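A closer look at the structure
Each chain, letter by letter, is given below.
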Amino acid sequence: MTLEQILEHRRAVRKYDPNKELDTEKVKECVRLATLAPTSSNMQLWEAYHVTDPETLKQMAVACLGQGSASSCKQMVVFVTRQDKWKAHAKAVLDANIADVMKNSPEDRKAHRIALQKQYYAKLMPLVYKRCFGLLGIVRKIAAQIIGLSRPITRQVTEADMRTVVHKSCALAVQTFMLAMSEQGYDTCPLEGFDSRLVKKVLGLPHDCGIDMVITCGIRTTGGVRGERFRLPFDEFYHKI
């Protein structure tokens, strides 16, 4: 399919055909494709939990408030944020970037570029991702406002801001996954209605991860899509400056 066809195919499906199964490996491949989505500073602070076990799916349907999409789906993929892994990911990205510089950069630029990578991932990332009951975020916010009096600076640096950044990055992966599923001819529905504590309990997730979205997966049945797609007029979205 073309990109336009994929986008037209993707709808929020509320009821799936009980007689049509999904190829688990194809769904897994769609998750792999989701890893190609961009993330802030390439930190990749998200994970996906692919649920195929029938009993777990029943428990997840309860956690998703008994919605028809959750009760009838064949599989689920739960996308979560893992802000707690910032330190390990920063080191992994730094190591990869240094290796890339050593392999591909001109000899006279290597030292400078490695120094920049170390400054970014070994100093800046700890500065913005560390948490302490919101207190560090307040300090960062005050510092940003003061520095911002004399030059442009990123001002979204509170702990709540960084949590939003991580969720935005995860959402890019979620959208990539859903489009990949559409390309396979599979259907999905992103759910916001769920009991996050219960989802974590069912999947055995750590308490400090964030549930970004629960994506139900299957093949639509008659009445699975509620009516024609409605979008507000394009002029309300598009502003040329």
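Below you will find a few notes about this structure. Just so it is clear, the structure is predicted and the values come from calculations on it, not from any experiment. (Residues numbered from 1 in each chain as written. Predicted model: local features only at pLDDT ≥ 70, side-chain atom pairs only at ≥ 80, totals over all residues. Heavy atoms only, no water.)

Here we look at a nonpolar patch on the surface
Together, Phe 133, Leu 135, Ile 138, Ile 142, Ile 146 and Leu 149 give the surface a local cluster of nonpolar side chains, amounting to about 750 Å² of exposed area. Looking at the secondary structure, you find Phe 133 in the loop between helix 6 (107–129) and helix 7 (135–147). For Phe 133, a relative accessible area of 82% puts it in the exposed group. (Patch = residues over 30% accessible without salt bridge, like charges linked within 9 Å, V, L, I, M, F, W, Y side chains within 5 Å. Areas by Shrake-Rupley, 256 points an atom, 1.4 Å probe, with all protein chains shown as cover. Salt bridge = Lys/Arg side-chain N within 4 Å of Asp/Glu carboxyl O. Helix = DSSP H or I, 4+ residues; strand = E, 2+ residues; numbered from the N terminus. Buried < 20%, exposed > 50% of the residue type's maximum accessible area, 1.4 Å probe, protein only.)

Quick look at unusual backbone geometry
If you check the backbone angles, Asn 42 has positive phi at about 60° while not being a glycine. Following the sequence through the fold, Asn 42 ends up in the loop between helix 2 (24–34) and strand 1 (46–51). Judged by relative accessible area, which is 37%, Asn 42 ranks as partly exposed. You will see that Phe 133, though not glycine, has its phi angle at about 55°, which is positive.

Considerations on helix 7
Between its terminal C-alpha atoms helix 7 stretches 19 Å, which fits the 18 Å expected from 13 residues at 1.5 Å a residue. Considered for burial, the residues of helix 7 that qualify are Gly 137, Arg 140 and Ala 144. Within helix 7, the buried residues cover an arc of 60° as seen down the axis, which keeps them to one side. Among the exposed residues of helix 7, those pointing more than 90 degrees away from its buried face are Leu 135, Val 139 and Ile 146. Tucked inside the fold, the buried residues of helix 7 contact helix 6 and helix 8 (159–183). (Expected span 1.5 Å × (residues − 1). Arc of directions from axis to C-beta. Contact = heavy atoms within 4.5 Å.)

A closer look at the nonpolar core
The tendency in soluble globular proteins is for nonpolar side chains to be buried as a group. Counting 23 residues, the largest nonpolar core has Met 60, Met 76, Ile 211 and Val 214 as its most contacted members. Among the elements of the structure, helix 3 (54–63), strand 2 (75–81), strand 3 (187–191), helix 9 (196–203) and strand 4 (210–218) are those that each provide at least two residues to this core. Element by element, the count of residues in this core is highest for helix 3, at four residues. Not counting chain neighbours up to four residues away, the residues in contact with Val 214 comprise Met 60, Cys 64, Met 76, Val 77, Val 78, Cys 189, Pro 190, Leu 191 and Phe 194. Residues Trp 46, Phe 79, Met 181 and Ile 215 belong to the second largest nonpolar core, which totals 21 residues. (Core = buried A, V, L, I, M, F, W, Y, C linked by side-chain atoms within 4.5 Å.)

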